[in-house]
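A structural walkthrough
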Amino acid sequence: MPEDSVDPAKLRHHGDVDARPGMLDFAVNVQGSAPPDWLRQRLAARLDTLGRYPSTEEDHTARCAVAARHGRRPDEVLLLAGAAEGFAMLPRLAPRLAAVVHPSFTEPELALREAGVEVSRVLLEPPYTLDPTAVPAEADLVVLGNPTNPTSVLHPAETIHALRAPGRIIVVDEAFADAIPGEPESLAGSTAPDLLVLRSLTKTWALAGLRCGYFLGTPELLTRLNHGRPHWPLGTLQLEAITATAEPAAIAEEQRRAQTIATERDAMIARLTELGVQVHTPAEAPFLLLHVPDGELLRKHLADKGIAVRRADTFPGLGPNHLRVAVRGATEVDQLIAAIRTANLR
């Protein structure tokens with residue numbers, strides 16, 4: 001895609017901009033407004049240790065916990081200050097041509113373009129089925145989300161493996177994989193030498209303000225990504241959060257949450273569809289992609305009612321009549337439905 005046709009402002013747009021304090025928030029995909037009590041207590045218990053630097057032992061403990069969670073070795077884990085830091089590292093792989101599968105989260109493309117990497121957009125049409133043959137053969141880096149933000153599409157792992165080619169690295173953003181019961185199609189446990197999987201703790205554990213995530217991949221790839229980082233790239237509380245949420249009890253809670261999300265998502269789809277709103281299905285993630293008449297007017301109407309939804313025209317391949325809404329419980333959905341009814345959609 002020609003450089004002059006890319007709008008950097010749209011690539012930088014994120015859902016938190018659409019949600020002002022005090023609004024009913026369907027724009028941001030974080031589950032809850034704060035971490036669960038047990039996790040808050042774990043973090044609070046470490047406050048008295050903030051007078052010393054994080055130790056290599058704490059880093060190792062966190063990597064061991066993540067490795068055990070995914071059936072990998074500790075040296076196959078690179079801890080990150082949020083998934084955004086992982087995207088910012090991608091230019092260190094020195095790709096000649098990066099193919100980014102869209103519609104999807106725009107942060108990877110932004111990081112690559114700002115580093116001067118040539119980017120080719122692979123635009124999928126509804127129903128947004130991944131077609132490996134659509135990726136340019138010369139692309140030596142391919143980036144995609146699974147499940148994909150904002151379409152809520154879950155690509156088969158077999159299809160992602162079909163993207164592999166000599167000299168090519170595949171990066172799979174699995175920021176929302178832990179919100180799906182059983183994590184089907186996840187490649188987090190794959191030890192393929194040309195595969196990187198990115199995970200985030202932001203969404204399920206309401207840790208957006210703490211910035212926690214990690215890469216999974218071979219030590220060789222992780223070393224390339226890690227090159228040039230400062231000492232102590234993660235703080236004590238980040239390391240504690242990563243360790244705590246990788247433990248068996250936390251994984252069990254995570255799966256219970258995923259089951260709740262699935263139930264709420266099905267109910268939400270039914271209610272929106274009954275209202276005449278076009279919802280993209282099948283949907284597997286904790287958010288839904290909507291297509292409505294006069295999307296910009298509806299978004300402003302909802303904002304006037306104190307409800308925030310995510311504009312989706314900032315995602316390549318989508319337009320102003322697309323909106324993304326986070327999956328929420330029945331009480332919140334009641335308010336959303338009531339507000340949409342007053343909008344008199346054509």
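Quick notes on the rules
Residues numbered from 1 in each chain as written. Predicted model: local features only at pLDDT ≥ 70, side-chain atom pairs only at ≥ 80, totals over all residues. Heavy atoms only, no water. 1 Å grid on protein atoms, 1.4 Å probe; cavity = no way out; pocket = protein on both sides within 12 Å on 5 of 7 lines; lining within 4 Å. Points joined across faces, edges and corners; volume = space filled by probe spheres on them. Helix = DSSP H or I, 4+ residues; strand = E, 2+ residues; numbered from the N terminus. Pairing = 2+ DSSP bridges. Axes fitted to C-alpha atoms, helices over the stretch in contact; angles between N-to-C directions. Phe/Tyr/Trp six-rings, centres within 6.5 Å; stacked < 30°, edge-to-face > 60°. Buried < 20%, exposed > 50% of the residue type's maximum accessible area, 1.4 Å probe, protein only. UniProt positions renumbered as here; feature names shortened; annotations may be inferred. Nonpolar A, V, L, I, M, F, W, Y, C, P; charged D, E, K, R; others polar.

Moving on, we come to empty space enclosed by the protein. Here the structure, examined in full by the defined rule, presents four cavities of 30 Å³ or more. Roughly 80 Å³ of volume is contained in the largest cavity. In terms of lining residues, the largest cavity is bounded by Val66, Arg69, Asp178, Arg199, Ser200, Leu201, Trp205, Tyr214, Ile242, Thr245, Ala246 and Glu254. The set of elements that each furnish at least two residues to the lining of the largest cavity consists of helix 3 (56-70), strand 7 (195-200) and helix 9 (236-245).

On to the sheet that holds strand 4 (residues 118-123). Taken in spatial order, the seven strands of this open sheet run 2-8-7-6-5-3-4, and their pairing is mixed. The open sheet has two free edges, formed respectively by strand 2 (77-80) and strand 4, since each of these has just one partner strand. For this sheet, the mean inter-axis angle between neighbouring strands, taken without regard to orientation, is 20°. Bridging between strand 7 and strand 8 (residues 213-216) involves four bridges; their strand directions are antiparallel.

Turning our eyes to something else, we now look at the packing of aromatic side chains. Summed over the entire model, instances satisfying the criterion amount to four aromatic pairs. For the ring pair Trp38 and Trp205, a centre distance of 5.7 Å and an interplane angle of 85° mean the geometry is edge-to-face. Of the two residues, Trp38 sits in helix 2 (residues 37-44) while Trp205 sits in helix 7 (residues 202-205), which places them 167 residues apart along the sequence. Pairing Phe87 with Phe105 gives two aromatic rings, centres 5.7 Å apart and planes at 50°, and the pair type is tilted. Residue Phe87 is found in helix 4 (residues 83-89), and its partner Phe105 is found in the loop between strand 3 (97-102) and helix 5 (107-114); the two are separated by 18 residues along the sequence. For Phe87, a relative accessible area of 2% translates into the label buried.

With numbering aligned to this structure, UniProt lists the feature "domain: Aminotransferase class I/classII large" (unreviewed entry) at residues 34-340. Secondary structure content for residues 34-340 is 37% helix and 17% strand, and the end C-alpha separation is 28 Å.

Put simply, the second largest pocket is a space of about 450 Å³. What lines the second largest pocket is a set of 20 residues, and nearest its centre among them are Asp59, Asn226, Arg229, Trp232 and Pro233. Elements represented by at least two residues in the lining of the second largest pocket include exactly helix 3, strand 2 and helix 8 (219-226). Taken together, the residues of the lining of the second largest pocket break down into 11 nonpolar, five polar and four charged.

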